[in-house]
Amino acid sequence: QQGGLKADGSMTVSAFWNEIYFPIRSQRWNINTRRQAVCFWRNHIKPALGAKPLLEITKSSIGLLLSKIAASGMGRAVVKGVLVRTHSILEEALDNDFIPKNPARKVDLPNCTPPKGTRSLSEVEARRLFQNTTGRDHVMWRVMVMTGARIGETLALTRTDLTPDYLRIDES
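Read on for an overview of the structure.

**Focus on the nonpolar core**
Generally speaking, a soluble globular protein has its nonpolar side chains buried in company with each other. Phe16, Leu54, Ile62 and Ile89 are the most contacted members of the largest nonpolar core, which has 30 residues in total. Listing elements by their share of this core, those giving two or more residues are α1 (13-25), α2 (31-49), α3 (59-71) and α4 (76-95). In this structure Ile62 touches Leu49, Ile57, Leu83, Thr86, Leu90, Pro103, Ala104 and Val107, once residues within four positions along its chain are discounted.

This is the structure in structure tokens:
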């Protein structure tokens, strides 16, 4: 067949992902975006919508998928991520004339489980942590507990970030 695949809405969402969407879009993604997109695809979108032809995807089928994810206890970030990725897949299908409109365009997010609160370590827990770690791990835990730095910020530290007067945390 010359000129690539002919636009046909009977193509399944999985075939579209494998043959068009992922090969084209993934070239522009950084490694974290790629991992997240593949995770949303593999765990949520493909099981629910993958076998359906593109033309059979409806606003309600997407809404039901999102409601199911929210009801399973997943947070707003996961539900929104699945919606954004589904919208992106269908937008690519629309741009390539596989479907006449994007059914994900006006889908509303369902109510999601609110995030659980976090708490600080107690003094006893911090002491136990310091007593049971050594070397680099011990230093990393001390920096994080004493400064409130996150793991990414701590891992990005170099010797030049330590000055006689302060610790500079400027990367994550």
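Next comes the rest of the account.
**Details of the side chain of Thr86**
With respect to the helices, strands and loops of the structure, Thr86 is situated in helix α4. Note on Thr86: relative accessible area 3%, which makes it buried. Leave out the neighbours within four places in its chain, and Thr86 touches Ile45, Leu49 and Ile62.

**A closer look at the environment of Thr113**
As for its position among the elements, Thr113 is in the loop between α4 and α5 (123-131). Note on Thr113: relative accessible area 36%, which makes it partly exposed. Each C-alpha atom, one on Thr113 and one on Leu49, is 23 Å from the other, the two residues being 64 residues apart in sequence.

**Comments concerning the environment of Arg85**
Looking at the secondary structure, you find Arg85 in helix α4. In this structure the C-alpha to C-alpha distance between Arg85 and Trp41, which are 44 residues apart in sequence, comes to 7.9 Å. When near neighbours in sequence (up to four residues on either side) are disregarded, Arg85 contacts Trp17, Tyr21, Trp29, Thr33, Ala37 and Ile45.

**With respect to the pattern of salt bridges**
A full pass over the atoms with the stated rule returns six salt bridges. In this structure, the salt-bridge partner of Glu92 is Arg25, at a minimum N-O distance of 2.7 Å. One end of the pair, Glu92, is in helix α4; the other, Arg25, is in helix α1, and 67 residues separate them in sequence. When sorted by exposure, Glu92 lands in the same class as Arg25, which is buried. For Arg127, the salt bridge goes to Glu123, with nearest N and O atoms at 2.5 Å. A residue pair is termed a helical-turn pair when its members lie 3 or 4 positions apart in one helix, as Arg127 and Glu123 do in helix α5 at four residues. Among the residues examined, Arg127 registers a relative accessible area of 47% and is labelled partly exposed. Look at Glu123 and you get exposed, because its relative accessible area is 54%. Several salt bridges converge on common partners, so that one network encompasses Asp161, Arg168 and Asp170.

**Details of α1**
Compared with an ideal rise of 1.5 Å per residue, which puts 13 residues at 18 Å, α1 spans 15 Å between its outermost C-alpha atoms and falls more than 12% short. Largest kink in α1: about 30 degrees, centred on Glu19, with the proline Pro23 one to four residues after it. Within α1, the full set of buried residues consists of Val13, Ser14, Ala15, Phe16, Trp17, Ile20, Tyr21 and Arg25. Where the residues of α1 are buried, they touch α2 and α4.

So, how was this worked out
- Residues numbered from 1 in each chain as written.
- Predicted model: local features only at pLDDT ≥ 70, side-chain atom pairs only at ≥ 80, totals over all residues.
- Heavy atoms only, no water.
- Core = buried A, V, L, I, M, F, W, Y, C linked by side-chain atoms within 4.5 Å.
- Buried < 20%, exposed > 50% of the residue type's maximum accessible area, 1.4 Å probe, protein only.
- Helix = DSSP H or I, 4+ residues; strand = E, 2+ residues; numbered from the N terminus.
- Contact = heavy atoms within 4.5 Å.
- Salt bridge = Lys/Arg side-chain N within 4 Å of Asp/Glu carboxyl O.
- Expected span 1.5 Å × (residues − 1).
- Bend = angle between axes of the 7 residues up to and from the residue.

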